[in-house]
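Each chain, written out:
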Amino acid sequence: MEKYATYPSLRGKTVLITGGAEGIGAASVELFCRQGSNVVFLDYSTTSAQALLAKIQSIPGAAQPSFMHCDVTDLARLKECAAQTIAKHGGVDVLLNNAARAGAASRVATADVTPESWEDDINIGIRHQFFLTQAVLPSMRERGAGGSVINMGSITWRIPTAGLPVYALCKAAVVGMTRTHAKEFGGYGVRVNSVVPGAVATQRQRDEVMTEGYRAEVMAAQSLKRDILPEEVARLILFLAADDSSAITGSSYVVDGGWVSDI
Ligand SMILES: NC(=O)c1ccc[n+]([C@@H]2O[C@H](COP(=O)([O-])OP(=O)(O)OC[C@H]3O[C@@H](n4cnc5c(N)ncnc54)[C@H](O)[C@@H]3O)[C@@H](O)[C@H]2O)c1
């Protein structure tokens with residue numbers, strides 16, 4: 001028997017996920033499909049997206065997601081993907097603003113930041129979260145059936161970690177944006193929360209960041225002395241998307257094995 005929760009309120013819901021081809025995004029795509037949700041995911045890696053589509057096709061009973069190629073830093077394309085999703089499915093019930101430049105590429109120390117790298121890092125760090133919410137909100141509002149927006153943050157600014165200041169400031173901003181959007185959209189019944197992961201053992205983290213030394217640091221800092229897996233983050237995302245969390249908005253939930261534990 002399945003060990004984890006089934007959420008009847010997620011069945012048939014339209015869920016839009018950015019950066020859904022790998023890591024936490026891919027785990028989320030899979031778990032929403034297992035719940036019978038109607039998932040549309042955006043990513044700029046077609047190869048990874050195809051591998052995920054093939055994987056989900058082999059899961060008995062899972063709904064099949066749709067993939068749209070999109071670089072989320074291209075706002076025209078992002079808006080087009082939102083409009084096509086809304087036109088095809090009649091609206092979006094759940095938006096997971098997940099894409100980011102995780103791994104080694106996010107590490108640019110303050111001394112090395114240029115106006116160009118700053119703009120680039122802000123564009124992938126937070127700009128698309130704001131504008132995709134803006135694009136999707138009218139459909140949630142018009143349908144009057146509520147809606148759940150989930151923004152991906154990180155504990156990095158809260159620890160705090162040195163060496164990736166622009167990534168960190170974007171992730172701090174996610175908490176503020178979540179609170180202000182929750183206030184702004186609460187009158188329409190739309191909830192906005194953020195999920196704040198610690199060190200999550202995605203394939204990219206294992207390949208690029210989790211050296212033996214760094215893993216030892218993580219294990220010393222966490223209360224749980226084991227790797228935190230992408231699906232453990234995705235299970236929190238399911239809860240925040242489902243009606244089970246109907247009174248929760250403006251909140252940020254840490255899932256870090258007990259490193260900082262709160263925001
Ligand atoms: N893994 C961790 O330890 C960790 C910790 C804290 C926060 N987070 C956050 O969780 C979220 C997911 O991170 P992850 O570790 O799963 O990342 P990942 O690198 O494993 O996956 C990111 C996905 O986003 C896609 N992507 C990246 N840039 C894109 C772009 N410009 N346009 C479209 N798609 C793009 C990638 O192709 C990939 O499929 C991010 O917001 C990240 O900041 C991750």
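In what follows, the structure referred to is the one given above.
A short tour of the structure in this document, coming up. (Residues numbered from 1 in each chain as written. Predicted model: local features only at pLDDT ≥ 70, side-chain atom pairs only at ≥ 80, totals over all residues.)

**Structural notes on the site of the ligand**
Okay, so step 1: The local shell around the ligand holds 29 residues, among which Gly-19, Glu-22, Gly-23, Ala-100 and Ser-154 are the closest.
Okay, so step 2: Those elements giving two or more residues to the shell around the ligand turn out to be α1 (23-34) and α6 (203-208).
Okay, so step 3: The element contributing the most residues to the shell around the ligand is α1, with 3 residues.
Okay, so step 4: Residues of the shell around the ligand, tallied by class, amount to 13 nonpolar, 11 polar and 5 charged. (Near = placed C-beta within 6 Å. Helix = DSSP H or I, 4+ residues; strand = E, 2+ residues; numbered from the N terminus. Nonpolar A, V, L, I, M, F, W, Y, C, P; charged D, E, K, R; others polar.)

**With respect to the sheet that holds strand β1 (residues 14-18)**
Okay, so step 1: Spatially, 7 strands are ordered β3-β2-β1-β4-β5-β6-β7 in an open sheet, and the strand pairing comes out parallel. Single-partner strands in this sheet number two, and they are β3 (66-69) and β7 (252-255). Between one strand and the next, the sheet's axes are offset by a mean angle of 20°, whatever the strand orientation.
Okay, so step 2: Two elements, β1 and strand β2 (residues 38-43), share 5 bridges in a ladder whose sense is parallel. Following the sheet pairing, Leu-16 is matched in β2 by Val-40. (Pairing = 2+ DSSP bridges. Axes fitted to C-alpha atoms, helices over the stretch in contact; angles between N-to-C directions.)

**Some remarks on the packing of α1 against helix α8 (residues 230-241)**
Okay, so step 1: One can describe the packing of α1 onto α8 by two numbers: an axis separation of 8 Å at closest approach and a directional angle of 55°. The orientation of α1 with respect to α8, classified from their angle, is oblique. Relative to α8, α1 is oriented so that their crossing is right-handed. Residue-level inspection shows Gly-23, Ile-24, Ala-27, Ser-28, Leu-31 and Phe-32 of α1 in contact with α8, the latter providing Pro-230, Glu-231, Val-233, Ala-234, Arg-235, Ile-237 and Leu-238.
Okay, so step 2: When the residues that make up the contact of α1 with α8 are grouped by side-chain class, the tally is 9 nonpolar, 2 polar and 2 charged. (Parallel < 35°, antiparallel > 145°, perpendicular 65-115°, else oblique. Left-handed = near helix turned anticlockwise from the far one by under 90°. Contact = placed C-beta atoms within 7 Å.)

Taken by themselves, the reported measurements are silent on function.
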